[in-house]
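This is what each chain is made of:
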Amino acid sequence: MRENEPVAEPSWDQIAAAWQQESAPAPDLHAAVHARARSNTIRLWLIVASELLLTSALVALTVWKLASDLDAITVPLLAWIWLAWAVTAGFAFRNRRGVWQTAGEATLDYIRLGEERARRKVNTARFTVGVVLAQACALALLVGWRVSVQALSINDLASRILLLALVCLAYVGWAIWFRRRAETEHSHYRQLRDELALDDD
């Protein structure tokens, strides 16, 4: 090499990559698992808050309907909605019991909580599909009854039936996606436990 020949300097990307490889600290596993548990707890509280808002909206709808003229369709429809709400609220309460915080502060405690939350999410997905199928059957019966009582044709209710069918399909699609995600999350925690050789003994 000639004395005055310019030397190619490393790019900033190469410098950053080399610096990260040399000086990056090992990830703190406990902090990562703890942060994930904390974010899931915040998500749980947000879900509860949204459910309280929906319940308030349902109360307002019921009061408004009861204050107006009731017809033969409104009363059974409101009764069914409140029955579905009671069943769903009961399931949610039971399914979330015991998953708000860890039993201790060890990494294994946070992994156990993550596994249990993932298992409960699978339960939620199953329950959602069951509720949607029950709602679809009840609405089909209600539509049939309304057609016979009010002498309507199916064509008169076609747009509403299509909308309800799309809503049901959306819920089932969400439940399938949610279950797969929960199963992947559970496998992740199980693998993490195995890699760290942590057990419940």
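Keep in mind that this is a model prediction, so the values were computed, not measured.

J.: Go over the pattern of salt bridges with me, naming the residues and quoting the values.
T.: Two side chains with opposite charge may pair up if their charged atoms get near one another. Throughout the structure, instances matching the rule amount to nine salt bridges. Residues Glu 51 and Arg 96 are paired through a salt bridge, measuring 2.7 Å at the closest nitrogen-oxygen approach. Residue Glu 51 is located in helix α2 (residues 29-67), and its partner Arg 96 is located in helix α3 (residues 74-96); the two are separated by 45 residues in the primary sequence. Arg 96 gets classed as buried once you look at its relative accessible area, which sits at 17%. Between Arg 120 and Glu 116 there is a salt bridge, with the nearest N and O atoms lying 2.7 Å from each other. Placement of the pair is Arg 120 and Glu 116 together in helix α4 (residues 107-149), with a separation of four residues, close to one helical turn. Classification of Arg 120 by relative accessible area gives buried; the value is 16%. What emerges from the salt-bridge pattern is a single network uniting Glu 115, Arg 190, Arg 193 and Asp 194.

J.: Tell me about the nonpolar core, and name the residues and values.
T.: Ranked by size, the top nonpolar core spans nine residues in total: Val 33, Ala 37, Leu 44, Val 99, Tyr 110, Ile 111, Leu 113, Tyr 189 and Leu 192. At the level of elements, α2, α4 and α5 (158-195) are the ones that each hand at least two residues to this core. In this structure Leu 44 touches Arg 96, Val 99, Trp 100 and Arg 117, once residues within four positions along its chain are discounted.

J.: Can you break down the packing of aromatic side chains residue by residue, with the values?
T.: Using the criterion set out here, one finds five aromatic pairs in the structure. Their ring planes at 15° and their centres at 4.6 Å tell us that Trp 174 and Phe 178 sit as a pair that is stacked. Placement of the pair is Trp 174 and Phe 178 together in helix α5, with a separation of four residues, close to one helical turn. In this structure Phe 178 comes out as buried when scored by relative accessible area, which is 15%. Between Trp 177 and Phe 178 the ring centres are 6.4 Å apart and the planes differ by 45°, which places this aromatic pair in the tilted class. For Trp 177, a relative accessible area of 47% puts it in the partly exposed group. Through pairs of rings, three or more aromatic residues link up here, namely Trp 174, Trp 177 and Phe 178.

Rules used throughout
Residues numbered from 1 in each chain as written. Predicted model: local features only at pLDDT ≥ 70, side-chain atom pairs only at ≥ 80, totals over all residues. Heavy atoms only, no water. Salt bridge = Lys/Arg side-chain N within 4 Å of Asp/Glu carboxyl O. Helix = DSSP H or I, 4+ residues; strand = E, 2+ residues; numbered from the N terminus. Buried < 20%, exposed > 50% of the residue type's maximum accessible area, 1.4 Å probe, protein only. Core = buried A, V, L, I, M, F, W, Y, C linked by side-chain atoms within 4.5 Å. Contact = heavy atoms within 4.5 Å. Phe/Tyr/Trp six-rings, centres within 6.5 Å; stacked < 30°, edge-to-face > 60°.

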